[in-house]
Amino acid sequence: MKIFVEFGGVRFRFDSDCDIIVETTMSPFFFADDGVTDVNVRLIHDFSRAPLPTGPRVGEDLLLEYYREGDRLTCLTKGSAGRVVACCVYDGQYRDMTCWLNFPVGSPADSLGSVLRMLPLRRTLLMRGVLFLHASQVALGDTGILFTAPSGTGKTTQARLWKRFRGAQILCNDRTLTDGRRTWGFPMDGSEPVRSAERRKLGAVVILEQAPENRLRRLGPREAIPRLMSQLVLDVWDPEAQAMACRLLLELMKCKPVYLLACTADEAAVRCLEQGLI
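Definitions and cut-offs
- Sequence positions are assigned chain by chain, starting from 1 and proceeding in written order.
- For this predicted model, a pLDDT threshold of at least 70 governs which residues receive local features, and a threshold of 80 or more governs which side-chain atom pairs are given and counted, while totals over whole chains, interfaces and linings are taken from all residues.
- Just so you know, side-chain values use all the structure's heavy atoms and leave hydrogens and water out.
- Helix numbering and strand numbering both begin at the N terminus, where a helix is a DSSP run of H or I of at least 4 residues and a strand a DSSP run of E of at least 2.
- The term polar contact refers here to a pair of N or O atoms within 3.5 Å; inside protein, the definition further demands a hydrogen-donor-capable atom paired with an acceptor-capable atom, and it admits residues adjacent in sequence only when both atoms are side-chain atoms.
- Any two residues having at least one pair of non-hydrogen atoms within 4.5 Å are treated as being in contact.
- Note on pairing: DSSP must find at least two bridges between two strands before they are called paired.
- Axis lines are fitted to C-alpha atoms, over the contacting stretch for helices. Their N-to-C directions set the angle, which ranges from 0 to 180 degrees.
- Burial classes: relative accessible area under 20% of the type maximum marks a residue as buried, over 50% as exposed, and values in between as partly exposed (1.4 Å probe, protein chains only).
- By salt bridge we mean one thing: a side-chain nitrogen of Lys or Arg within 4 Å of a carboxyl oxygen of Asp or Glu.

> Sorry, what's going on with the side chain of T178 here?
Here T178 shows up in strand 12 (residues 175-178). A polar atom in the side chain of T178 sits 3.0 Å from the backbone nitrogen of G180. The contact partners of T178, leaving out residues within four places of it in the chain, are G129, V130, L131, L146, T183, W184 and L202.

Laid out in structure tokens, this is it:
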């Protein structure tokens, strides 16, 4: 079974030895096979053949453990009771990956959405200049505006206000991909997903704070970078990944504005930002 999907302008080809479940929510991200891919992923359902790592662990997050043995990189997906449910081996350029799956063919876990969580996806995108940001995105014509802030601050609220009062299109509610010039949605988009693969020109990044009255000011790198770094979906255990992300944010800020919007949850916030953008 072959599957071709694109995230943030990065093209993935999946070759599976068995048919896997492909969610309909993935359909906006499909592309026709034209022989051009950035990342090739092979899926194998015989876990007994998986080359499990024997060296020390170099990092981990809530789901994955990462290992390096010479030129070989490996991530293991952790299940319940310490069980390993997948083993993914990949090269240093994050171009060729082989993932051994430790669950029955046709089970709920045997789906494209689940498999994506078993890959070093964040770093794969980062290697190609794409940042993975906790952000809502609205589009006005061909231009995207990103709202980013800690959970509960009001990213989704501000996006809805722009839709209600300015007719903006909501492209995502929680996760946005950007290379600093363009923006895209992502299929796994939080609790209220908007699964759009549409591409837009990045207009501005807006960091939100709740406040009793609306104030807008443009930030320089010294203030903006720490705030934006905290909202990246990033391998925080990996100093190289953090350095790459910081460089990409600095490049973004050379050509795109980053604002801090202290805001209320009404149309006045829309007007305040609108006036600043104009």
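> Explain the sheet that holds strand 5 (residues 64-69) here, please?
Strands in a sheet are paired, the pairing made by backbone hydrogen bonds, and the direction either parallel or antiparallel. Ordered in space as 1-2-3-8-7-6-5-4, the eight strands form an open sheet in which the pairing is mixed. The two strands at the open ends of the sheet, each matched to only one other strand, are strand 1 (2-7) and strand 4 (57-60). Along the sheet, successive strands turn relative to each other by an average axial angle of 20 degrees, direction set aside. Sheet topology places strand 7 (residues 84-90) next to strand 8 (residues 96-101); five bridges connect them, and they run antiparallel. Pairing of C88 across the sheet is with C99, part of strand 8.

> How should the pairing of strand 8 be read in this particular structure?
Strand residues, when the strand is regular, have side chains that alternate between the two faces of the sheet. Burial of strand 8 is extensive: five of the six residues sit out of reach of the surface. Where strand 3 (residues 39-44) lies against strand 8, five bridges are found, and the strand directions are parallel. If you follow I44 over to strand 8, its bridge partner there is W100. Between strand 7 and strand 8, which pair antiparallel in sequence order, lie five residues; one of them, Y94, sits at a positive phi of approximately 55 degrees.

> Explain the pattern of salt bridges to me, please; I cannot follow it from the model alone.
Two side chains with opposite charge may pair up if their charged atoms get near one another. Per the counting criterion, the structure on display carries 23 salt bridges. Of the charged contacts in the structure, one is a salt bridge between R122 and D235, with a shortest N-O distance of 2.8 Å. Note that R122 is positioned in helix 2 (residues 121-127) and D235 in the loop between helix 4 (221-229) and helix 5 (239-255), a separation of 113 residues in sequence. The closest approach of N and O atoms between R166 and E267, which form a salt bridge, is 3.1 Å. Of this pair, R166 sits in helix 3 (residues 155-166) while E267 sits in helix 6 (residues 267-277), placing them 101 residues apart in sequence.

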